Amino acid sequence: MTALSVPDADAYEAHEAHERLLEIRHREEGGAISEGVYLEKLFSLEAHKVFGFDSYRAYVAAPTESGGLGLAYRTAMRKRAVARVFVIGFEVSPDRLLKAGYVKLYHVRGFATK
């Protein structure tokens, strides 16, 4: 792991998103879709570089004690996909999607159209 050069504003934003995601993970079940929003933000900010990881995959899977997120990579990508389609794309509040759950939404995301 080596820290790479990232603009200060992006680094600050990445740190804030990282902390917010960890807070959400400690909440009840309903945070999965909100987690996806922050995972997408961390991906777009290239947060893995801010935290000294060589890849986003390594950053996501690394334990929180070492600066990572402690998530299974596949699960993180599913949450990100749901957030990208429904929350970012269709602008639906994560709270409104809770009943469906992120696993079901992941499977139907390809059928979703505007």
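The structure we're discussing is the one just above.
Anyway, here's the lowdown on the structure attached to this text. (Residues numbered from 1 in each chain as written. Predicted model: local features only at pLDDT ≥ 70, side-chain atom pairs only at ≥ 80, totals over all residues. Heavy atoms only, no water.)

1. Section: helix α5 (residues 73-89)
Phase 1: Along its 17 residues, α5 runs 22 Å from first to last C-alpha, staying within 8% of the 24 Å computed at 1.5 Å per residue.
Phase 2: Ala83 marks where α5 bends most, by close to 35°.
Phase 3: Turning to α5, its buried residues are Ala76, Met77, Lys79, Arg80, Ala81, Val82, Ala83, Phe86 and Val87.
Phase 4: Turning to α5, the residues buried within the fold contact α2 (32-44), α4 (56-61), α6 (94-97) and α7 (102-108).
Phase 5: Of the residues trailing α5, Glu91 is marked for its positive phi of about 55°. (Helix = DSSP H or I, 4+ residues; strand = E, 2+ residues; numbered from the N terminus. Expected span 1.5 Å × (residues − 1). Bend = angle between axes of the 7 residues up to and from the residue. Buried < 20%, exposed > 50% of the residue type's maximum accessible area, 1.4 Å probe, protein only. Contact = heavy atoms within 4.5 Å.)

2. With respect to the packing of helix α1 (residues 8-25) against α2
Phase 1: Two elements in contact, α1 and α2, have axes separated by 9 Å at closest approach and are oriented at 160°. The angle between the axes of α1 and α2 places the two elements in the roughly antiparallel class. The way α1 lies across α2 gives a crossing that is left-handed. Across from Glu13, Ala14, Ala17, His18, Arg20, Leu21, Ile24 and Arg25 in α1, the residues of α2 making contact are Ser34, Glu35, Tyr38, Leu39, Lys41 and Leu42.
Phase 2: Residues that form the contact of α1 with α2 fall into these classes: seven nonpolar, two polar and five charged. (Axes fitted to C-alpha atoms, helices over the stretch in contact; angles between N-to-C directions. Parallel < 35°, antiparallel > 145°, perpendicular 65-115°, else oblique. Left-handed = near helix turned anticlockwise from the far one by under 90°. Nonpolar A, V, L, I, M, F, W, Y, C, P; charged D, E, K, R; others polar.)

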